[in-house]
Amino acid sequence: MHPKLLSIQDFTYGLPDERIAKFPLAERDESKLLVYKSGRMEQDVYANIDRYLPEGSHLVFNDTKVVEARLIFQKTSGAQIEVFCLEPDDRYADITTAMLQQGEVFYKCLVGGASKWKHGMKLEKRTEIDGIKVVLQAEIAARLSDCFIIKLTWLPAAMSFAELLHRLGVIPLPPYLHRTAEEDDKTRYQTIYAKHDGSVAAPTAGLHFTESVFKKLDAAHISRAFVTLHVGAGTFKPVKAEVMDEHEMHAEFIDVSITTVRQLIDQLSGNIIVVGTTSLRTIESLYWMGVAILKDNNLKLDALTVNQWDPYDAQTNYTAGEALQALLSWMQKNHMERLVTKTQILIAPGYQLKIAKGIITNFHQPNSTLLLLVAAIIGEDWKRVYQHALENDFRFLSYGDGCLLWETRP
């Protein structure tokens, strides 16, 4: 069956509210770990994950950093208006460029309380940071079908947009936590290796990793590489369409170094395991980009994207090695040390992994594209895995426990 015909109602389960982890555990690596391989399940904690990864495996992490994307403005009347910064306006090449803007930026945003924001009105937020007065103003530059383009200006103008958000914004916790962000969330809703500002949600599979776990992985000769996918608000978007053909997957920025592409090529004969759905979507997108280059070696960067249905509509028998080597050669020819572009890839039942052999991930929401991804990897056994987790007191969603799932081929 083509994934366009899949009904999201076939990918649901009962998730009691008390099973959603509202807060993180005191120790990251004490989260429970469910290991699934060839139909069998084992249970442990993340501190011991090295025991379940073959020596010489290669882990791929997403090193994006969550930005304090929620800006709260208060009108003189006392009414609050929330500006949720989603992604840069199209005038910027990528998120990093927008984050480095000084004094002014145009950003696509959701607005809470938009009806209270009259046309032409400027919102203002004033504060003092380290003895320096900071003034932030916001005005509506355009109204789009699903969001607003907001013009943000600030003083001192030498401050970057990323720094401004760090100082004035609030961490955007997932809406299903039904609570406001606390001081502890500033560190706990980030991975310990978070590096590049840009996400509005954490790549939560990585929240369980600690320096202690990394030392164990090093001792087991398990190498690691990093990619960047800036997680958009679409990650929380439930699938409301009856069939997937009517659901539009959100596009997200990815940033992958030429060094990482070389590492993936070198590791193809072994076990490449991704940490998180975002890491999986990134490296699998690299395969399809390589396929596009094999079909047209003169492809330009702005055409090197992966659309939602490309993997299912493309007729190809290229190996992962052929595709990644083509991508590497193309980057070299174009003198590119990094590949920065967008992907809209949807991984759903019917998709076979091209590069990864397994995934480390959290337990996801019912009726979500993330659950479709899990079902693509282990088939109908996703129901057994999730039922086992529910029956054995696993904690669900962003601050919850997780699993190591090895791909099951039909």
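Conventions we followed
- In every chain, residue numbers begin from 1 and rise along the written sequence.
- Side-chain atom pairs in this predicted model are given and counted only at pLDDT of 80 or more, local residue features only at pLDDT of at least 70, and totals for whole chains, interfaces and linings cover all residues.
- Side-chain numbers here rest on the full set of heavy atoms in the structure, without hydrogens or water.
- Secondary structure elements follow DSSP: runs of H or I of four or more residues count as helices, runs of E of two or more count as strands, with numbering from the N terminus.
- For each residue, the accessible area found with a 1.4 Å probe, counting protein chains only, is set against the maximum for its type, and the residue is called buried under 20%, exposed over 50%, and partly exposed in between.
- Between any two strands, pairing holds if DSSP finds at least two bridges.
- With axes taken as lines fitted to C-alpha atoms, and helix axes fitted only over the stretch in contact, angles between N-to-C directions fall between 0 and 180 degrees.
- By definition here, a salt bridge exists when the distance from a side-chain nitrogen of Lys or Arg to a carboxyl oxygen of Asp or Glu is within 4 Å.
- Computed over the protein atoms alone on a 1 Å grid, cavities are sets of points where a 1.4 Å probe fits but cannot get out and pockets are open sets with protein on both sides within 12 Å along at least five of seven lines; a residue lines them when it has an atom within 4 Å of a point.
- Grid points are joined across faces, edges and corners, and a volume is the space filled by probe spheres set on the points.
- Classification convention: Asp, Glu, Lys, Arg as charged; Ala, Val, Leu, Ile, Met, Phe, Trp, Tyr, Cys, Pro as nonpolar; all other residues, Gly among them, as polar.
- Residue contacts are defined here by distance: any two heavy atoms, one from each residue, within 4.5 Å place the two residues in contact.
- Any two of the Phe, Tyr and Trp rings considered here, Trp counted by its six-membered ring, make a pair once their centres fall within 6.5 Å; the pair's planes then place it as stacked at under 30 degrees, edge-to-face at over 60, or tilted in between.
- Lysine and arginine charges are scored as sitting over a ring when NZ or CZ, respectively, is within 6 Å of the ring centre and within 35 degrees of the ring normal.
- The reported arc concerns the directions from the helix axis to the C-beta atoms and nothing else.

Peer 1: How do you make sense of the environment of Pro-3 when you look at a structure like this?
Peer 2: Secondary-structure assignment places Pro-3 in the segment before β1 (32-37). The buried category is assigned to Pro-3, whose relative accessible area is 3%. Pro-3 sits 347 residues away from Gly-350 along the chain, and the two C-alpha atoms are 6.5 Å apart.

Peer 1: What should I look at first to understand the sheet that holds strand β9 (residues 132-143) in this one?
Peer 2: Note: strands within a sheet are paired through backbone hydrogen bonds, in either parallel or antiparallel orientation. What the 6 strands build is an open sheet, ordered β5-β6-β7-β10-β9-β8; its pairing is antiparallel. Both outer strands of the open sheet, β5 (70-74) and β8 (123-129), are each paired with one neighbouring strand and no more. In this sheet, adjacent strand axes meet at a mean angle of 35° when their direction is disregarded. Bridge count between β8 and β9: 7 bridges; the pairing is antiparallel. Bridge pairing links Glu-124 to Gln-137 in β9.

Peer 1: Help me understand the pattern of salt bridges in this model?
Peer 2: Note that side chains of opposite charge can pair when their charged atoms are close. Counting across every chain of the model gives 19 salt bridges. Salt-bridge contacts for Asp-255 lead to Arg-338; the nearest nitrogen and oxygen are separated by 2.7 Å. One end of the pair, Asp-255, is in strand β13 (residues 252-257); the other, Arg-338, is in strand β15 (residues 338-343), with 83 residues separating them in the sequence. Residues joined by salt bridges that share partners form a network here, namely Glu-87, Asp-90, Lys-108 and Lys-342.

Peer 1: Mind showing me how you'd approach empty space enclosed by the protein here?
Peer 2: With a probe scaled to a water molecule rolled over the atoms, the places where space remains empty come into view. Tallied over the entire structure, the rule returns 3 cavities of 30 Å³ or more. For the second largest cavity, the calculated volume is near 80 Å³. Per-class residue counts for the lining of the second largest cavity are 4 nonpolar, 4 polar and 4 charged.

Peer 1: Is there a simple way to think about unusual backbone geometry in this case?
Peer 2: Excluding glycine, most residues fall at negative phi; most peptide bonds, likewise, are trans. Cis rather than trans, the peptide bond between Leu-155 and Pro-156 has omega equal to 0°. Within the secondary structure, Pro-156 sits in the loop between β10 (148-155) and α2 (161-168). Not every positive phi belongs to a glycine, and His-335 is a case in point at roughly 55°. You will see that Asp-393, though not glycine, has its phi angle at about 60°, which is positive. Within the element layout of this structure, Asp-393 appears in the loop between α10 (382-391) and β17 (402-406). Exposure remark for Asp-393: the relative accessible area of 56% places this residue in the exposed category.

Peer 1: What is the right way to look at the sheet that holds strand β16 (residues 358-362) in this model?
Peer 2: Strand order in the open sheet made by the 9 strands is β2-β1-β17-β16-β14-β3-β12-β13-β15, with mixed pairing throughout. Each having just a single partner strand, β2 (40-45) and β15 make up the two edges of the open sheet. On average, each strand axis in the sheet is tilted by 25° relative to the strand beside it, whichever way the strands run. Bridge count for β16 against β17 is 5 bridges, and the pairing is antiparallel. Paired with Ile-360 across the two strands is Leu-404, which belongs to β17. Each of β3 (58-62), β12 (223-229), β13 and β14 (272-275) touches helix α5 (residues 258-267); the most contacted strand, β13, lies at about 75° to it. Sheet strands touched by helix α8 (residues 320-333): β13 and β15. Its angle to β15, the strand with the most contacts, is close to 120°.

Peer 1: Honestly, the packing of aromatic side chains in this entry has me stumped. Any pointers?
Peer 2: Two descriptors summarise a pair of aromatic rings, namely the distance from one centre to the other and the angle between the planes of the rings. Here the structure, examined in full by the defined rule, presents 22 aromatic pairs. Between Tyr-13 and Phe-396, the aromatic rings sit 6.0 Å apart at their centres with planes inclined by 45°, giving tilted as the arrangement. One end of the pair, Tyr-13, is in the segment before β1; the other, Phe-396, is in the loop between α10 and β17, with 383 residues separating them in the sequence. Exposure class is identical for Tyr-13 and Phe-396. Each is buried. The rings of Phe-11, Tyr-13, Phe-363, Trp-382, Tyr-386, Phe-394 and Phe-396 are connected pair by pair, giving a single aromatic cluster. Directly above the aromatic system of Phe-106 lies the positively charged group of Arg-91, at a separation of 3.8 Å from the ring centroid.

Peer 1: Sorry, what's going on with α10 here?
Peer 2: A turn of α-helix holds 3.6 residues, and therefore any two residues three or four places apart point the same way. Turning to α10, its buried residues are Trp-382, Val-385, Tyr-386, Ala-389 and Leu-390. One side of α10 carries all its buried residues, which in axial view fall inside an arc of 135°. Lining the buried residues of α10 we find β1, β2, β16, α9 (369-378) and β17.

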